[in-house]
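# Analysis of the macromolecular model
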Amino acid sequence: GNVGIGTSSPSTMLHLSAGTTGSQGGSHAGITMTNKYDNPDNSWSIRPSRDGLSNTGLEIRDVTDDRSVMAFDGAGNVGIGTASPEVKLDVTSSRSTGYSSTSDQRGLAHITARNSSDAAGRFASISLVSGGGTQAEGSINLVQTGNYTGDLTFKLRAGGGSSDWRERMRISSSEYV
C-alpha cells in the first residue's frame, strides 16, 4: 500500500526520493507547492536540508528566489531566515535598517510577542525558565496601561514556590523606573 516517487521500494505511505544528493545543488526529495492563481511565480518547497554532510534536517524554501525560510536540523535547532541554525531558535535577518529611538519600527522586529486583546491590564510576555522541578523563572512583560500606552515589567519567582512571583522592576510609559 506504500507509494514511491523516485524509488521502487517505498518504506512509508508516501516515499519521495531524489536521484542525487549534494551540498548545495543537485536534486532533493521533497514537496513543491506553486500558487498559480495569485502569483504564478510563487513556489515553496519542503524537503530534506541541503546540508550534504549530515542531511538530517528539514527545510522550507522559497523556490522563486531560492532562499531558506525555515529550517529544522537534526539537533532540534530551528532557523527562521537561515538554513543553518546555530542555537535552539535562530532568527536571522540581513536588513541594514538602523535603530530609531523615536519612530515605529515594529515591522522590523525579529520576534514579536503579541496579545490581540486590547484592554488595560492585558499583557504580552516572554518567559524565561532555567532548571527542572525547582526551576528559576522570570518574565519580561509589556502591560497595557491605557490607549497606546504600556509599562515594561520584569517579574521573578521569589523562592517561595510556584505561585511566589514578584514584579522586580517596571519602566513606565511616563518615563519612571
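We now examine the layout of surface pockets. Taken as a whole, the largest pocket holds about 990 Å³ of empty space. Contributions of two or more residues to the lining of the largest pocket are made by β9 (123-130), β10 (136-146) and β11 (149-157). At 6 residues, the largest contribution of residues to the lining of the largest pocket is made by β10. Each residue belonging to the lining of the largest pocket can be placed in one class, and the counts come to 11 nonpolar, 11 polar and 4 charged.

Further remarks concern the pattern of salt bridges. A side chain with one charge can pair with a side chain of the opposite charge if their charged atoms come near. Within this structure, the stated rule accounts for 7 salt bridges. In this structure, D62 and R67 form a salt bridge, with 3.1 Å as the shortest nitrogen-oxygen distance. For R67, a relative accessible area of 40% corresponds to the partly exposed category. We note a salt bridge from E167 to R170, for which the minimum N-O separation is 2.8 Å. Overall, E167 belongs to the partly exposed group, its relative accessible area being 38%. For R170, a relative accessible area of 29% corresponds to the partly exposed category. In this structure, a network of salt bridges that share partners links the residues D151, E167 and R170.

The rules behind these values
Residues numbered from 1 in each chain as written. Predicted model: local features only at pLDDT ≥ 70, side-chain atom pairs only at ≥ 80, totals over all residues. Heavy atoms only, no water. 1 Å grid on protein atoms, 1.4 Å probe; cavity = no way out; pocket = protein on both sides within 12 Å on 5 of 7 lines; lining within 4 Å. Points joined across faces, edges and corners; volume = space filled by probe spheres on them. Helix = DSSP H or I, 4+ residues; strand = E, 2+ residues; numbered from the N terminus. Nonpolar A, V, L, I, M, F, W, Y, C, P; charged D, E, K, R; others polar. Salt bridge = Lys/Arg side-chain N within 4 Å of Asp/Glu carboxyl O. Buried < 20%, exposed > 50% of the residue type's maximum accessible area, 1.4 Å probe, protein only.

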